[in-house]
Amino acid sequence: MRWPAVRPAPLTAVTRRRGPLVYSCRMQERYDAAAVERAAQDHWEQQGSFTAHERAGAPKYYCLSMFPYPSGRLHMGHVRNYTIGDVLARFMRMQGYNVLQPMGWDAFGLPAENAAIANGVPPAVWTRENIPYMRRQLRSLGLAIDWTRELATCDPSYYRWNQWMFLRMRERGIAYKRTGVVNWDPVDRTVLANEQVIDGRGWRTGALVEKRDIPMYYLRITAYAEELLAALQELSGWPERVRVMQANWIGRSEGVELTFPYAQDTRALLDAAGTAADAGAQGEGVKVFTTRADTLFGVTFVALSAEHPLAQAAAAGNLALAAFIDECRRGSTMEADVATAEKRGMATGVHVLHPFTGEPVPIWVANYVLMAYGEGAVMGVPAHDERDFEFARKYGLPVRTVVTSASGAYERVCEPWQGEYAEHGILVDSGKFTGLASGAAIEAIAAALTRLGIGSKRVQWRLRDWGISRQRYWGCPIPLIHCERCGEVAVPDEQLPVVLPEHLVPDGSGNPLARHAPFVECRCPSCGGAARRETDTMDTFVDSSWYFLRYASPDLHSAPVDARVNYWLPVDQYIGGIEHAILHLLYSRFWTRAMRDLGLVQLSEPFANLFTQGMVLNHIYCRKLPDGRRQYVNPADVEPQYDAQHARIGGVSLIDGQPVEYHSLGTMSKSKNNGVDPQALVEQYGADTARLFVMFAAPPEQSLEWSDDGVNGQFKFLRRLWRAVYEHVSAGASAGDGAVAGGLTPASDPTALSAAARELRHAAHQTLAKVTGDIGRRRTFNTAIAAVQELLNTIGRYQENDATARAVRQEALEIAVLALSPIAPHICHTLWHELGHATAIIDERWPQPDPQALSQSEVELVVQVNGKLRGRVRLPAGAERQLALDAALADPTVQRFVAGKTLRKAIHVPDKLVNLVV
RNA sequence: GCGAAAGUGGCGGAAUGGUAGACGCGCUGGCCUUAGGAGCCAGUGGGGCAACCCGUGUGGGUUCGACUCCCACCUUUCGCACCA
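Definitions and cut-offs
- Residues numbered from 1 in each chain as written.
- Chains lettered and ligands numbered in written order.
- Predicted model: local features only at pLDDT ≥ 70, side-chain atom pairs only at ≥ 80, totals over all residues.
- Heavy atoms only, no water.
- Helix = DSSP H or I, 4+ residues; strand = E, 2+ residues; numbered from the N terminus.
- Contact = heavy atoms within 4.5 Å.
- Phe/Tyr/Trp six-rings, centres within 6.5 Å; stacked < 30°, edge-to-face > 60°.
- Buried < 20%, exposed > 50% of the residue type's maximum accessible area, 1.4 Å probe, protein only.
- Axes fitted to C-alpha atoms, helices over the stretch in contact; angles between N-to-C directions.
- Parallel < 35°, antiparallel > 145°, perpendicular 65-115°, else oblique.
- Left-handed = near helix turned anticlockwise from the far one by under 90°.
- Nonpolar A, V, L, I, M, F, W, Y, C, P; charged D, E, K, R; others polar.
- Pairing = 2+ DSSP bridges.
- Expected span 1.5 Å × (residues − 1).
- Arc of directions from axis to C-beta.

Attention now goes to the side chain of Glu844. Of note, Glu844 is situated in the loop between α26 (825-834) and α27 (851-854). With residues near it in sequence (within four places) discarded, Glu844 still touches Met94, Leu818, Trp832, His837 and Thr839.

A few words on the packing of aromatic side chains. With the rule as written, the count across this model stands at 35 aromatic pairs. Both rings, one in Trp161 and one in Trp164, keep their centres 5.6 Å apart while their planes meet at 75°; by these two values the pair is edge-to-face. Within this pair, Trp161 and its partner Trp164 are both found in helix α6 (residues 156-172), separated by 3 residues, close to a single helical turn. Aromatic side chains Tyr473 and Trp474 sit 6.3 Å apart centroid to centroid with 55° between the ring planes, which places their arrangement in the tilted category. The class for Tyr473 is buried, based on a relative accessible area of 0%. Three or more aromatic residues joined by ring pairs make a cluster, and in this case those are Phe67, Tyr547, Phe548, Tyr551, Tyr574 and Phe607.

Before going further, it helps to spend a moment on the packing of helix α22 (residues 708-735) against helix α24 (residues 781-797). Between α22 and α24, the least distance of the axes is 11 Å, while the angle of their chain directions is 45°. By the criterion of interaxial angle, the relationship of α22 to α24 is oblique. Every pair of crossing elements has a handedness; the one defined by α22 and α24 is left-handed. Counted together, Gln714, Phe717, Arg720, Leu721 and Ala724 of α22 and Ile785, Val788, Gln789, Leu792 and Asn793 of α24 form the full contact between these two elements. The residue inventory of the contact of α22 with α24, partitioned by class, reads 6 nonpolar, 3 polar and 1 charged.

Among the 6 residues of strand β11 (residues 285-290), 5 are classified as buried, and the element is accordingly described as predominantly covered. Sheet topology places strand β10 (residues 252-261) next to β11; 6 bridges connect them, and they run antiparallel. Each bridged residue has a counterpart across the sheet, and for Pro261 the counterpart in β11 is Gly285.

Our next topic: helix α5 (residues 123-140). Compared with the 26 Å implied by 1.5 Å per residue over 18 residues, the 26 Å span of α5 between its first and last C-alpha is a close match. For α5, the set of buried residues is Pro123, Ala124, Trp126, Thr127, Asn130, Ile131, Met134, Gln137 and Leu138. Considered in projection along α5, the buried side chains sweep an arc of 140° and stay on one side of the axis. For α5, the exposed residues set more than 90 degrees away from the buried face come down to Glu129 and Arg136. Against the buried residues of α5 lie α3 (76-94), β3 (104-105), α4 (110-119), β4 (151-152) and α20 (678-685).

A sheet is described by the order of its strands in space; here 3 strands give the open sequence β11-β10-β18, paired in antiparallel fashion. Both edges of this open sheet fall to β11 and β18 (455-461), since each of them pairs with a single strand only. Neighbouring strand axes in the sheet, compared pairwise and without regard to direction, differ in orientation by 30° on average. Looking at chain direction, β10 and β18 are connected through 7 bridges and run antiparallel. Pairing of Gly255 across the sheet is with Arg458, part of β18. Contacts between helix α14 (residues 438-452) and the sheet are confined to β10 and β18, with β18 contributing the most and set at about 115° to the helix.

We now examine unusual backbone geometry. Cis geometry marks the peptide bond from Leu496 to Pro497, where omega comes out at 0°. Positionally, Pro497 belongs in the loop between β22 (487-490) and α15 (517-520). Cis rather than trans, the peptide bond between Leu569 and Pro570 has omega equal to 0°. Mapped onto the secondary structure, Pro570 falls in the loop between α18 (564-568) and β26 (573-577). Positive phi is not limited to glycine here, since Asn866 has a value of about 55°. For Asn866, the location among the structural elements is in the loop between β34 (858-865) and β35 (868-876). Taking the relative accessible area as the measure of exposure, Asn866 reaches 44% and is therefore partly exposed.

Now for the pairing of strand β36 (residues 905-909). Burial along β36 is one-sided: Ala906 and His908 are buried, while Lys905, Ile907 and Val909, pointing the other way, are not. Two strands pair when backbone bridges link them, and β36 and strand β37 (residues 913-917) are joined in this way by 5 bridges, in the antiparallel orientation. Each residue of the ladder has a partner; that of Ile907, found in β37, is Asn915. Between the antiparallel neighbours β36 and β37 lie 3 residues, among them Asp911 with a positive phi of about 60°.

With that out of the way, let us pick up the environment of Val403. Along the polypeptide, Val403 turns up in strand β16 (residues 403-404). Exposure remark for Val403: the relative accessible area of 0% places this residue in the buried category. Sequence separation of Val403 and Ala437 is 34 residues, and the distance between their C-alpha atoms is 8.7 Å. Non-local contacts of Val403, meaning those with residues more than four positions away in its chain, are made with Arg292, Asp294, Thr295, His384, Tyr410, Glu423, His424, Gly425, Ile426, Leu427, Val428 and Ser438.

Laid out in structure tokens, this is it:
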């Protein structure tokens, strides 16, 4: 189904008048979303409603949604993300908080370069055209954003502070340069961080990643590993799974590092190969890391990674080994599923010595040993490690049991492998350590190794330092200069920023900066001689690692941040996608700490509360073209078909009438042609309907399934709400009392109301209490909306129409409008005025439910017999237990189930339920 | 393999140990109407004429009472994955 054609122009009160009654009311009968939204947005803009100021004494609320990449158009994920933030910002503002909700642009990055390659337009031009377009789209959603703080990471006024902070970190050794094996993306022709490699492929291109040796800059995030891990415990406002993901990523393990001394044959090999330099890196033996030092006497081989220097040395005179190593290296990147790859290896023919027994231990090269983790070498204990067991079995290596189960589950390791073999136990056949429990043995063996000077306890991290150099054009230049005489020299602070020339057009081959002489050629700040400017730029994750701090002082020219940062930070609520659970959030936590250590901020944790919203899904339809390719058909153009189990099986294209296949439910994407354009949605239904639907269709943390009919349902609800207010206001106008803003007058006595009126008041105030909890505490916006819809249904059933009844209805409508206003702010802005208020609803305080309205004189109790519902009784509120039991037993249905049986027990939950156990 | 989350009508979902299916979509019947993809009213988990019975992935358990808590299993999704 297509979006409905533009609706007919709204009928004016004059053309639709049915009598003098309507005439006297200026309110339009028909809900015209476009006009309503224009008026509300104009008001907010003219009043500067969302411009935030530091106000001493007022409780502040910093509400932040992850800033968008200016790709050109908003997508539905943005709408969901920013609506969640906006609802909270508006709600907290009405609660009396001093709210800051800023917005900016994560503007550097590869898509701009790709667009440049495709269109021959500089990335800067493309980006700077996209930003105002998307800003207009964001404004059309009616977000309560302080646009005076807007920033774009591609502006020199922003990225100069990247450069400045980089230089400060370099002075402190937090940033350092080294040559290392890096992940090279052959498609984007750039280095990727570890975090950006997923299943051996580039996170963006999906291209198979190669290993290359490149000099680049790293940030010493590992120096903060301990702190980053420990502080996760305190982040109670973060989802558990994000904390777990980060903890796993940081990956702390305690163990022992030890050196197996070279045997004579290894020494001879290294001498003969003349690779003393390589050998030097290895000292006098092979260093390994183990968490199971207690199994040291079970070592029957040592396995090296293919990239290990000793493996390289051994391969020098061994063609078969060289071939195997080559294959491993290729295999490790070619096979996506390395975990299930068969364990393979080859003996080097040389040996190390067991540190305690002096026995020779063969050295193997194995494909399951990672150079990147630990020392790139492991001790092989087939009896107590599943991988080593598999490896030893395959190559006929001995299995030596050195730990037995404390519970007697096994005495000797034998086929097949069992999980118990890897558990802690009691040591056997382990020299003087025999008889110790594993835990004690690890301590004792570590101590013995330390005495011998060949080992010690240490902590191993999975986390590695963050390589930030990128051989890309559209990024923040790294502020360094290479001088023949002086070496690498920092650009002096007074020469910052190093401005990126914005007119270059990348052609897809390398970095155009490197070929741009006016940028590259410069003077050495130290000696004044001719020098070359660094052309690497920073990983764009640097840009996004501190933008949330800059919002506190976006206009500052003398420093990245000032004291205002201490007022606004930490972010009280951060909202974004789960896909940033590791990269962005970990880098931001690190960068904030680095800034703290540079004396720039006082805080360590930037985000007190984190909310991860779910994905926006839609159905995917496709058909196979004659050439075998898949053609995806937009679900809006498909009439779906279902099988007997109501499962989608396919459909018919509304465009050509031909059948299409059903693929699956999936995230909205261009490639699957299943996206819905937010702009079209806003144009056809209005921002309020769009906001309402994305908040209503699913709890915000879960994935949301798109539904055109669901959108229409929310539009219908807004129209019914509009109509209810219209009819109420019209009735008041004809009765001469107009809208009675505020509902009941002080003179009216709520206890004198009719039963129906009391019920409506009760429903209204209960709704208010529910919405307050649902938005403020539970963050279940879907149930908040449902509660308001229920209230509107209740208002619709209320028939009375005298002056008191109109006052009660007025109050109920006001509560409905107030409660809905954070979610559908425009229509509520207009309806609030129509209900007779001069103040804009955004400047109203969130009301407290009236306890008198919440209390009821009579309540319905549920009566259960043996836990099953058998009846209901009406009783005065607060009725005593005995009274409730008597009433319950008097119920005819209940009597049928109780008759002739002995009452064993009776449960009474006051004002709720009676359960009779017979 | 490890970790996390989730399994409820035709669909999205609600139920904060106490009436399972709120709210919305869809569907059925009726009304209204310048026939519009509008509005209004009624109905809508299954079975049964009814009284009632059955029903929240499966099997156990705790409880007066379990969608909810505990144990085991199945399925799905997501994350991590040869981490020594």
